[in-house]
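Close look at the chain arrangement
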Amino acid sequence: MYVLVLLAAVVAISWSAPLIRLAEAPVLVIAALRVGLAAAPMAAAAAWWRRDELRELGRGGLARRDAVWIAAAGAALGGHFWAWVAAIDRTSVITGVALVALQPLLAALGAWLLLRERPPPATLAGMVIAFGGALVLVADDLGERGSLAGDGLAILAAALVSGYLVAGRRVRRRLSNLTYGASVYSVAAAILLLVSAASGTPLTGHSTEAYLLIAALAAGPQLVGHNALNWALGALPAATVAVVTLGEPVGATVIAALLLDELPNTSEVAGSIVVLLGVGVALGHRFSRLTRRPNA
């Protein structure tokens, strides 16, 4: 069951970067509407199927520290979407997704520091390899200010989504996937919508094609991909869930090549392979935990 759900997650999130590249709209518009369109059905479903849990939360049934974790997860997710969309707007698809693939290592560090889920020694060796590959990718963009900024944003997106996964791991032990997802997506959407309003970025007036592509982002990468990852967080360590996203660079590169005619160069391919190799060395053994049963 785990393998099928996480495979669906990888396929879904692989469409994220290509769809972002195709959607011709401001960064904040894409990020805010993507998570907002996903939050609405999640909140409605939670109100219908998890109303007892929501009622309990409304009476203060959620510990204050858990409410803080949900708020932190929502803020991290909102920041991740902004940084991720901005990164894909400035750097290549393969470089962006490869740098974001550093998230399992960052998630492992975060889980170690915050949740006391100590990573094994192999993680250290994998980190050296993976960050070496990241240096190859970044070095390839030296002299190109726009691409280098995109690389930095991709690394920031990786750090933020790692925080999101670590926070989710903390709360999902006691909260259903549906209620957790609805809460976190709503927080992320509220933050991004407020930032859009404060910055004067209009959410209307864009092309029909852009709105359809953003809706596809909400339906696929968000509702299918992220919900599958949140589901797994009910029982698996944050680093284990993050490691399945290693398939995204491969899937996104193939899709970008077919739809966008964006073929990676030799340095991008080499750097991406080294990044994935490093993350695989660090966390590959954790797949043995995929037999544990998650919370519903």
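One can find the structure itself at the top, above this paragraph.
Let me begin by describing the structure that accompanies this report. What you are looking at is a predicted structure, and each value in this text was computed from that prediction instead of being measured. (Residues numbered from 1 in each chain as written. Predicted model: local features only at pLDDT ≥ 70, side-chain atom pairs only at ≥ 80, totals over all residues. Heavy atoms only, no water.)

Relative to the helices and strands, Thr179 is located in helix α10 (residues 177–199). Side chain to side chain, Thr179 and Ser176 meet in a polar contact 3.1 Å long. (Helix = DSSP H or I, 4+ residues; strand = E, 2+ residues; numbered from the N terminus. Polar contact = N/O pair within 3.5 Å; in protein donor to acceptor, adjacent residues only side chain to side chain.)

In the structure shown here, the tally under the stated rule is zero aromatic pairs. In this arrangement the basic side chain of Arg51 is found over the ring face of Trp48, its NZ or CZ atom lying 5.4 Å from the centre. (Phe/Tyr/Trp six-rings, centres within 6.5 Å; stacked < 30°, edge-to-face > 60°. Lys NZ or Arg CZ within 6 Å of the ring centre and 35° of its normal.)

Quick look at the packing of helix α6 (residues 93–100) against helix α13 (residues 247–259) now. As a packed pair, α6 and α13 sit with axes 9 Å apart at the nearest point and diverge in direction by 170°. Relative to α13, α6 is oriented roughly antiparallel. Where α6 abuts α13, its residues Val93, Ile94, Val97 and Ala98 lie against Glu248, Pro249, Ala252, Thr253 and Ala256. The class makeup of the residues in the contact of α6 with α13 is seven nonpolar, one polar and one charged. (Axes fitted to C-alpha atoms, helices over the stretch in contact; angles between N-to-C directions. Parallel < 35°, antiparallel > 145°, perpendicular 65-115°, else oblique. Contact = heavy atoms within 4.5 Å. Nonpolar A, V, L, I, M, F, W, Y, C, P; charged D, E, K, R; others polar.)

All told, the structure shown has one cavity of 30 Å³ or more when counted by the stated rule. In this structure, the largest cavity spans a volume of roughly 150 Å³. Lining the largest cavity are 14 residues, with Ile13, His80, Gln103, His226 and Glu248 sitting closest to its centre. Going through the elements one at a time, α5 (64–88), α9 (145–172) and α11 (208–232) are the ones with two or more residues in the lining of the largest cavity. Here the element with the most residues in the lining of the largest cavity is α9; it accounts for three residues. Its residues placed into classes, the lining of the largest cavity shows seven nonpolar, five polar and two charged. (1 Å grid on protein atoms, 1.4 Å probe; cavity = no way out; pocket = protein on both sides within 12 Å on 5 of 7 lines; lining within 4 Å. Points joined across faces, edges and corners; volume = space filled by probe spheres on them.)

Judged by nonpolar contacts, the single largest core of 65 residues is most densely connected at Ile30, Trp84, Tyr164, Val184 and Tyr185. Apart from the residues within four sequence positions on either side, Tyr185 is in contact with Val35, Ala38, Ala39, Met42, Leu77, Tyr164, Gln222, His226, Asn227 and Asn230. Of all hydrophobic cores here, the second largest spans seven residues; its members include Val5, Leu6, Trp231 and Ala232. (Core = buried A, V, L, I, M, F, W, Y, C linked by side-chain atoms within 4.5 Å. Buried < 20%, exposed > 50% of the residue type's maximum accessible area, 1.4 Å probe, protein only.)

Before going further, it helps to spend a moment on the side chain of Ser272. The residue Ser272 is located in helix α14 (residues 266–283) in this model. Of note is the side chain of Ser272, whose polar atom sits 2.7 Å from the backbone oxygen of Glu268. Residues in contact with Ser272, not counting those within four places in the same chain, are Ile94, Ala98 and Leu137.

Along α6, eight of the eight residues are buried, which leaves the element largely enclosed by surrounding structure. Taken as a whole, α6 has its buried residues at Val93, Ile94, Thr95, Gly96, Val97, Ala98, Leu99 and Val100.

Look at α11: 35 Å from first C-alpha to last across 25 residues, which is about the 36 Å you get at 1.5 Å a residue. A bend of about 30° at Gln222 is the largest found in α11. (Expected span 1.5 Å × (residues − 1). Bend = angle between axes of the 7 residues up to and from the residue.)

Glancing now at the pattern of salt bridges. Going through the model one piece at a time under the given rule, you end up with one salt bridge. Of the charged contacts, one joins Arg21 and Glu262 as a salt bridge, the two residues approaching to 2.5 Å between their closest N and O atoms. Here the residue Arg21 occupies a position in helix α2 (residues 16–22), and Glu262 occupies one in the loop between α13 and α14, the gap between them amounting to 241 residues. (Salt bridge = Lys/Arg side-chain N within 4 Å of Asp/Glu carboxyl O.)

Orientation of α10 relative to α11, taken along the N-to-C sense of each, is 125°, at an axis distance of 10 Å. By the angle between their directions, the pair α10 and α11 is classed as oblique. When the axes of α10 and α11 are compared, the crossing they make is right-handed. Between α10 and α11, the contacting residues are Asn177, Tyr180, Gly181 and Tyr185 on the first element and Gln222, His226, Asn227, Asn230 and Trp231 on the second. Here the residues of the contact of α10 with α11 are counted per class, giving three nonpolar, six polar and no charged. (Left-handed = near helix turned anticlockwise from the far one by under 90°.)

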